[in-house]
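The residues making up each chain are set out below.
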Amino acid sequence: MIDHIYLPVKDIDRSLQFYTALLTPLDFAGRWDFKGQDGWPDLYGFGGDRPGFWLKRSTTTFPELYVAFIAPSKEAVERAYAAALANGGSDNGPPGPRPQFDDRYYAANVLDPDAYSLEINFKPWLYDGSDPA
C-alpha cells in the first residue's frame, strides 16, 4: 500500500491552482502547511493532516507517471474533470463508464499542465460494499 507520492512539477504556482481545483470536488484539496516548520519548503501536500499527494518544484518532470484519484460519486468525477479543464488541464477521456474494468466503473481522464496522465474514478463498491472481486 502506498503511503504517499511526490509529483515533480515545473511551475508550482500553476500546478497548485490546477490540483486545488481538481481535488476540491474529491474532498482532498486540504493543503498541508509547512510554514514555520523545518523540513522541505519546496513540497506542497494535499489531503489535510496526513497528506498523501505532494507536489514538488522541479526542473524535470516524468510524464510517464499515471495518477488515479478516487471520487465519492459520478457527479464528483464530472466536477473534478470540469475543474481540471478550466484550470489548465487537457481532455484525455471524458467522463463516462469504463466497462473494460467493471460495468459500474465511472471515470474521466485528463492531462495536467505538466502532461501527467490523471484518472478520476468512482467505484461504487468502495461505498456500498458490493466489491466485484
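The present account deals with the structure reproduced in this document. (Residues numbered from 1 in each chain as written. Predicted model: local features only at pLDDT ≥ 70, side-chain atom pairs only at ≥ 80, totals over all residues. Heavy atoms only, no water.)

**Here's the deal with the pattern of salt bridges**
Just so we agree on the cut-off: Each salt bridge in this description consists of a side-chain nitrogen of Lys or Arg and a carboxyl oxygen of Asp or Glu lying within 4 Å of one another. Numbering of helices and strands runs from the N terminus, with a helix taken as a DSSP run of H or I at least four residues long and a strand as a DSSP run of E at least two residues long. The rule is simple: take the accessible area with a 1.4 Å probe, protein chains only, and divide by the maximum for that residue type; under 20% is buried, over 50% is exposed, in between is partly exposed.
Scanning the model with the defined rule gives two salt bridges in all. The salt bridge partner of D114 is R14, with a shortest N-O separation of 3.4 Å. One end of the pair, D114, is in the loop between β7 (106-111) and β8 (117-122); the other, R14, is in helix α1 (residues 12-23), and 100 residues separate them in sequence. A salt bridge links R104 to D102; the shortest N-O distance between them is 3.3 Å. By relative accessible area, which is 31% here, R104 ends up partly exposed.

**What to know about the pairing of strand β2 (residues 43-46)**
The line we're drawing: If DSSP finds at least two bridges between two strands, the strands pair.
Here β2 shows no split at all, with L43 and G45 on one side and Y44 and F46 on the other all buried. Connecting the antiparallel pair β2 and strand β3 (residues 53-57) is a turn made up of six residues, with G47 showing a positive phi of about 125 degrees.

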